[in-house]
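So the chains spell out like this:
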Amino acid sequence: MATGHADPQRRERILTAALDLIADEGIARVSHRKIAARAGVPLGSMTYHFSGMDDLLREAFGRFTDHIVAVFDAYLSTPADPGQAAEAVADLVHALSEGSVRDLVLTQELYTLAARRPAYRELAQEWMRRSRLHLEKHFDPDTARQLDALVEGLTLHRALAREPHGRALTLEAIARITAPGTRAR
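Residues numbered from 1 in each chain as written. Predicted model: local features only at pLDDT ≥ 70, side-chain atom pairs only at ≥ 80, totals over all residues. Heavy atoms only, no water.

The next subject is the overall build of the chain. For the chain, the count of helices and strands is nine helices and zero strands. From first element to last, N terminus to C terminus, the chain shows the α and β order α-α-α-α-α-α-α-α-α. C-alpha atoms of the chain, sized along the principal axes, occupy 60 × 35 × 30 Å. Relative to its 185 residues, the chain shows a buried fraction of 41%. A sequence separation of at least 24 residues applies to 65% of the contacts in the chain between residues at least 6 apart. For the chain, the exposed surface amounts to about 10,000 Å²; the carbon and sulfur share of it is 54%. With 24 positive and 25 negative side-chain charges, the chain shows a spacing of 5 Å between the two charge centroids. (Helix = DSSP H or I, 4+ residues; strand = E, 2+ residues; numbered from the N terminus. Buried < 20%, exposed > 50% of the residue type's maximum accessible area, 1.4 Å probe, protein only. Contact = heavy atoms within 4.5 Å. Areas by Shrake-Rupley, 256 points an atom, 1.4 Å probe, with all protein chains shown as cover. Lys, Arg positive; Asp, Glu negative; His and termini not counted. Charge placed at Lys NZ, Arg CZ, Asp CG, Glu CD.)

The structure is reproduced here in structure tokens:
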């Protein structure tokens, strides 16, 4: 195996291997040894590049959340009016729910960690804040918060359903949230 000096992508391979292992086996089955084997690096590389498992997992999940925020950006950066923005949110829900199973599993694994451990809760909250910023380009902050939750929920429901609901239902849900005067007082 190459040394760290001749292998500038080693750290990135470790992070990718960690996420792949989490997606394949779950966070409970992750270990330094399994990650090193999957990344094709010496076990000592783990402690050279990361101070411990939490450091590695926070950085890996940070990279993952950057990826999902980039997906939000790809869908929400171009709409010119509220109607186009609603269509873009529907496109986002359907792309996420029909896309990578790996991304769906990693999302749920991060949420589980966030429910149990404050450091991951902070990471998840920062992810939600960044996602809402993309929604706030088109909707007020309260509506953006509701839409962010809707995107997460509909994505999960569509991905796990035997017969996922269609685009019309997604658009109806978005319309209900974004319609003027629909917020609770």
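Evaluation of the coordinates by the stated rule reveals two aromatic pairs. Ring plane angle 75 degrees and centroid distance 6.0 Å describe the contact between phenylalanine 64 and tryptophan 127, whose orientation is recorded as edge-to-face. Of this pair, phenylalanine 64 sits in helix 4 (residues 53–76) while tryptophan 127 sits in helix 7 (residues 118–135); the two residues are 63 residues apart in sequence, bridging distant segments of the chain. There is no split in this pair, since phenylalanine 64 and tryptophan 127 are both buried. Relative to tryptophan 127, the ring of tyrosine 111 has its centre 5.6 Å away and its plane inclined at 20 degrees; by these criteria the two rings are stacked. Remark: tryptophan 127 occurs in helix 7 and tyrosine 111 occurs in helix 6 (residues 101–116); sequence separation between them is 16 residues. Here tyrosine 111 falls in the partly exposed class, since its relative accessible area comes to 24%. Here the aromatic cluster, defined as three or more aromatic residues joined through ring pairs, consists of Phe64, Tyr111 and Trp127. (Phe/Tyr/Trp six-rings, centres within 6.5 Å; stacked < 30°, edge-to-face > 60°.)

The tendency in soluble globular proteins is for nonpolar side chains to be buried as a group. Residues Ile14, Ile35, Leu56, Phe61 and Phe72 are the most contacted members of the largest nonpolar core, which totals 51 residues. Within the residue set of this core, elements represented by two or more residues are helix 1 (10–25), helix 2 (32–39), helix 4, helix 5 (82–98), helix 6, helix 7, helix 8 (141–160) and helix 9 (167–178). Top contributing element to this core by residue count: helix 4, with ten residues. Every residue in contact with isoleucine 14, bar those within four places of it in the chain, is listed here: Ile35, Ala39, Val41, Ser45, Met46, His49, Phe50 and Leu56. (Core = buried A, V, L, I, M, F, W, Y, C linked by side-chain atoms within 4.5 Å.)

End to end, helix 7 covers 25 Å across 18 residues, agreeing with the expected 26 Å (1.5 Å per residue, within 8%). Of all the residues in helix 7, the buried ones are Tyr120, Leu123, Ala124, Trp127, Ser131, Arg132, His134 and Leu135. (Expected span 1.5 Å × (residues − 1).)

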